[in-house]
Structures are given as C-alpha cells and as structure tokens.
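Descriptive structure summary
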Amino acid sequence: MDQPDPSVRAAEDVSDELAARMARQLVLENAAQFVRAIEERTSLVAAEVMQAIRRLLVRGVGKAARADERRLPVAFLPATAERLERYAAMWASIVPSHVELRATVSLLLERRHGAEVLALPAVAQALCLAEPEMTLARLDFAADAARFELTLPERPYAPEDDRRLLEGTVEREVRLVRLSKGQVLHRQGEKPDCFYMVISGRLQVALLDEDGRDRPFAEIDAGGTAGETEVLTDEPWPATIRALRDSMLVALDSEACQRLIERSPRFLMAATHVVINRLKAYQTAARDARQPQPRTIVVLPLSEATPAREFAATLADALGAIAPTRHLHRQLAEEALEQEGLMADAYDERLVSWLNEQEARFPFVVYQAEPELNAWTRRCLRQADRIMLLARAKDSPALSQVELQLATAPEGELRDNLELVLLYDPDVDHPSGTRRWLEPRSVLDHHHLRLGNGDDFGYLVRRLMGQAVGLVLGGGGARAFAAVGALLAIRESKLPIDLVGGTSGGSFFAAACALGWDQQRMVEVVRTMMSTRRQTLDYTLPLVSLMAAGKMRRTLETLFGDTMIEDLWRPFFCVTSNLTRAEMMVHRSGLLRHYVRASCSVPTVFPPVLEGRDLLVDGMLLNNLPVDVMSSISRGGPIIAIDVSAKEDRVRDFHFGDSLSAKDVILGRLRPDRARRIKAPSIVDIVLRTSEVASIYSRKVQAQHATVYVAPPVSQYGMFEREHLDDLFDLGYSSTRDALADWFARSPDARSYCS
C-alpha cells in the first residue's frame, strides 16, 4: 500500500490550520459587530431617555414634543457598564444564539468595560453566562479576544452639560417600560405608582361608558406624559391607558417625582396646570362622542391581484387634502435605510425608529402592507391605528391566506380595528354579494368603493376621520314627504350624505337616498303610490290589522327588489319596535324591503313583521328620530336631523261626548246643523297619533345630539293626507335651507364639509 506523500500531508495540515484560523477570525469579526450593535442601542436608548428628561425639566410635563423637536439629530451617550445593565432589556434581543459567538461577545465587552460588567445580573442574564457551554467557549476564545483589535465608530456624544444634567437628576432612578401594541399600562380606578414619559410609540386614553366598555377619547404621543396628575394627587387613574402601538416609556415612581420637584420647582408649576387641564379633558370626554382620529392606516391586500399600490396612493392623496400624508411601502423603507431584506425582522430597531420618525413628521401615514404575513406586513400591523382589508369584490370571498395566518399570529390580537374595503370597476351600478364577504370576517365596518371615483374616496376619508355627514329622517306618515325637499336643499348646499337612517316613513326615504335616487324619482314614485288609496291600502277584516299589507309588500318589492342593506353604496339603517322584547331594534344588514316594511308597520293599521319569534312594528313607537343611533355610528361627524312629527295636532277641531258608538258617529255626521255634528278622529288617526306621541317626549333629547335640527312646520297636515305633497316638499326645502344657512353662519368649519 502506497504511503501518502509527506509534502501533500503537510500542505493539507497547513490548509486546515489556515481554515481554522479564518473561521475563528470570522467569529471575532462577527462578535465585534454584535458588540457595536449592543453599545449603539444602549447609547441610543440612553439618549432618548435624556431627551425625555430634558423636555421634562425645561418645558414641564403634559406637553407632547413638537414634531420638529423630535426630528433633531440624536446625541448619543456613552454605553457604560451601568447603562448596559440598566438597559439590558433593550439590547438582549441582539445577542446571538450561537454559543461561540455569544462567548466572544462577552469577552469583547469584558475588554471594553472590565470584568465587573459581566457580574451585573441583567448583563449576565442577557448573555446567558450561566450556561456550562459558555464557560468552555470563553476559555477557548479568551486568547484570540485578547489580541483582537476592536474599533468602534465615533459617535456624536451629548455635550457635557447635558450628560451632567442627566446623570445628576433621575437617570439612575428611572426604569424603562416596554408595551406591546394593545397592552394595558393601567386600568381606570387602579392606584397610581409611577409617572410616565413616552419615548416612542403612542398611548390611548379611554373612559368606561355606561355599558362598561372602554371609549377612547385622547392619545399621548412621543414626548407626552401620563400619570403626573395621579401621582401628585394620590388619586386613582381616572381612565384606562393602553398602547396603540409598540411603545417605550420612562417610569419614575412617586418618591423620584418628589425629589424631582425639590430640584425643579418648574416641574410642580407645570404639573399643577396639567392637573387642571386633564380634569377638564375628562369632563369634556364624558359628554363628547367623538373618537380620536386614526393617524396610521394600513392597507392590507387580500390577494396579489388587488391594486393595493393604486388604492394606497389614492387614499394618501385624499388624506393629503386634510394634512400632509406619507405613503409607505417596503421598497421605500429599504431605500431610505439603504438596507435590503427588511422582510427578515419585524422588530428591527432601525426600521421601527425610522417609521416612528415618519409618523412624527406627518400627521397621517398610509402603510401599504403585502398579501402575506411577512416581517414588513407584521410591522405595518403593529403600527396601525386602523387596518383596511382590501379586496376586489369580484374575487372569492373566502378567507385569504394572510387572514388565516393572522388568525393564529400574535398580530391576530389587532382584529378589533379591521375594516373591509371592496373595490369595484367604475361602471358597476350597485354592489352585490357583500354578505358572503362579511360572514367569515369580524370587521368594524365595510365600504364599497369604485376605483377612480373621487366621491367614494372622499366618503372613505370622512368616515376614517370621524367627519362623515349623517342624515336622519323621522317618521310622520305623509308628512315624511318633507324629507324630499330637505334632500334637495342639502344637495344644493354641496354637503355630502355619507350615512343615512330613518324611522317609519323616514326609513323609506332614507332607503331611497342610500340607493342613489334623485329628488325627481322620489317625487314620481311617491305621487304614483299616493295617487289613489288602492295603490297601497288593502283593507281586510280587522282581526290583526285594518290593512293586509299585501299591496305595501308588493310595492316595496317592485321598488327595492332583493337589494340587501349591506349592498348599498352608503351605510343605511332603519329602526323598528320589537313588541315581543319591548326594545328598539336597529337594522344595518338584511333584506332592505323587509325592514323598511317593518319600520313602516303602524300597529293595528298594518300587521307586524315576523322576525324569528319576534314581532316588529313601526319604529316610531320607541324612537321616531334616531339621532342617537346615528351618533353611535358616525364616529363624531355632523348630523342633520329632519323631524316631521307634530308636537300639537292642529289638523281639525273635534266635537263628541264622553261615550261614542259607531251609531253615534254615523248619525252625528248626518245632522243638518253643522255646529252639532259629531267630529271624531278615526281609529287610524288615533293609532298614528298615539305612535307619534310616544316619541315626541324624547324629541328634545334627540335634537341635542343633532348638529343641524330641522323641524318643518307641518302640524297642520294629517298623517294620511295625500293632497298636500307640494306644500310638504316646499316646507322641507325652505326649513332645511334656512337651518343650513344658520349652521354655516355660526360655525366657521361647517363649509369644510362641502364638496
């Protein structure tokens, strides 16, 4: 057997040794990069804490940092051993999992900061020094690490006076608090323990409503504070505070706050003003239904075919008419950071800091996510105030891949701010099949939009911003026709109608409005319906009701067909009274003609509508002017209410005795002496008026919820009088025109809603 050539063997040994050295050198170089990243993050966090404290001491508490102040270059602070320990939770995620690499990182940190740094508990835990494998790996690389030339880039450290300010005040007493999106900092009623300064992210302040649910009313941005009122007054938290996005806070306990007051009287003076202002804010919030505007909107396409880029750009342009808006997508972020592969880490600190900077510079940010739950999409979702699920209406309504992934991912907790946007071609007459999209999803709302239609995008922006214009039409029999004149006055004023709802006869005209009918068509339809009583009234033996309602059902079927409420271009609701449960019902989905018929079914005049085991009748019984319902739906936009009920029925004077039989009525009408003839209301008149009176009592309360309250003078007209449609139209038009003119005159911002 031939012996191997010694020269070849020696060459192989040299080659192996060289490869081993190169491998060890690569470990050292990679470890040096990790050390740089750990120290850079420690320095950055310390600098952010310094800026928060400086704002606190110089400008006082309760004032959020201005956007231009938050954009100032960050002055780094040295990453001392003490700071490595204090902020270990902020850099622990950087530590590599590979044992040899991690051991080398510990050796290089030891060289820079001395052996005592590894004795600090948080540092030791972050580096996993207690693992047996770490001891062996540290022994193996100790000599190499001792010879390695470790160089770190120069950083713009903070001036000495700022460093002394920080180190001489409260840095040693603060602790960092990290909140994930949706995590609660404190709940309403809990005892305070700390005062907080927001370094990055955003917090939401919410009050408990009468139903025990949190109602948001304010937000705290980076640079703002929370808890100073409670710490200084030792009172419970008056509201619940939770993170709207991943946030970092600085916390000072009550004792540290007392020491800060002793050092800086300015702090106490500013805090006193904040206590007063916060109490006023809570009192105002208890009365105000308006919610904070979403500032970050995520567009999440449900398929590759969805035109997400076009939609997001158009939405950003529409928001730009209100305030500067930034449209962000992954490629733009990668170019800005000069870093490809952002898909790798949703929690990349450089990316998160850059996104927070964009949100500080722009009032609105539109994030364009991708149709897969990759790192960029995850990051977008964690930045979101509102998530728009975007789909083409003609695509399959089944749950998409990204939705299925989202259901089991941590980001699935964000599903409470989802809205569905269905896109249509410009030539589509009306949506259809929306229920199939809504059934498998839980969304706050849904919207129908035609690409390229400016009115549709204007509607969407107003809905998002809490500026949608709502129209409420009350019931009153034939008097409800005044709503047609009111609609003409509204459209002439260039006000959009973004949401519409109504009761009884008002529900019919609200449905017509939601279908996009113009005034001419409404007038023609109503004149045809009311030309003769035979068109809509079919008397029957009054065992259940005076009318059979067959003609009414067929008329509504002819006019509305099988249109579903959720298929209307704009949101619609109507109100009915549930006789079985003795409660008001609000209908926002289902067969349109079915619920309009129920809302118009005056008890004893028309038979009730059977809904399962419940009996539904005219909504006028419980809420003839549902402004409160619109207020809960519109998110704070202006509401126009058209009230055609009559506080006093002045139709005619009646004359009859204490008892009254059918014989008395018939014979009394035949008396030659007109002064002695019996004049009594019919059964229909009594039932209609009784239904109306039940809601008139609450009219003042409903009027207070309305931005523009219109009450045309229609008391002189009966609820079944068909011969005065022109007069009712004119009264509705003139009364609404005058009310809008008054609103425009007394409210400088009212015209901003006009197109």
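Use the structure listed above.
Reading guide: rules and limits
Residues numbered from 1 in each chain as written. Predicted model: local features only at pLDDT ≥ 70, side-chain atom pairs only at ≥ 80, totals over all residues. Heavy atoms only, no water. Buried < 20%, exposed > 50% of the residue type's maximum accessible area, 1.4 Å probe, protein only. Helix = DSSP H or I, 4+ residues; strand = E, 2+ residues; numbered from the N terminus. Contact = heavy atoms within 4.5 Å. Axes fitted to C-alpha atoms, helices over the stretch in contact; angles between N-to-C directions. Parallel < 35°, antiparallel > 145°, perpendicular 65-115°, else oblique. Left-handed = near helix turned anticlockwise from the far one by under 90°. Nonpolar A, V, L, I, M, F, W, Y, C, P; charged D, E, K, R; others polar. Arc of directions from axis to C-beta.

Description of helix α19 (residues 482–492)
An α-helical turn contains 3.6 residues, so a residue and the one three or four places further along point in the same direction. With eight of its 11 residues buried, α19 lies for the most part within the structure. All of the buried residues in α19 are Ala-482, Ala-483, Val-484, Gly-485, Ala-486, Leu-487, Ala-489 and Ile-490. Summarising the contacts, the buried residues of α19 are in contact with β15 (470–473), α20 (505–514), α21 (519–529), β21 (639–642) and α28 (725–746). The first or second residue beyond α19 is Lys-494, which carries a positive phi of 70°.

Some thoughts on the packing of helix α22 (residues 550–560) against helix α23 (residues 592–599)
Their axes nearest at 9 Å, the elements α22 and α23 cross at an angle of 140°. Considering the angle they form, α22 stands oblique to α23. Where α22 crosses over α23, the handedness of that crossing is right-handed. On α23, the residues that touch Met-552, Leu-556, Glu-557 and Phe-560 of α22 are Leu-592, Arg-593, Val-596 and Arg-597. In terms of residue class, the contact of α22 with α23 is built from five nonpolar, no polar and three charged.

Remarks on helix α16 (residues 401–408)
Looking only at α16, the buried set comprises Val-402, Glu-403 and Leu-406. Down the axis of α16, the sector holding all buried residues measures 100°, keeping them to one side. α16 presents Gln-401 and Thr-408 as exposed residues on the side facing more than 90 degrees away from its buried surface. Among the structural elements, β9 (296–301), α15 (375–382) and β12 (386–392) are those in contact with the buried residues of α16.

Points about the environment of Asp-317
Tracing the backbone through its elements, the reader meets Asp-317 in helix α12 (residues 308–320). Sequence separation between Asp-317 and Val-366 is 49 residues, and the spatial gap between their C-alpha atoms is 10.0 Å.

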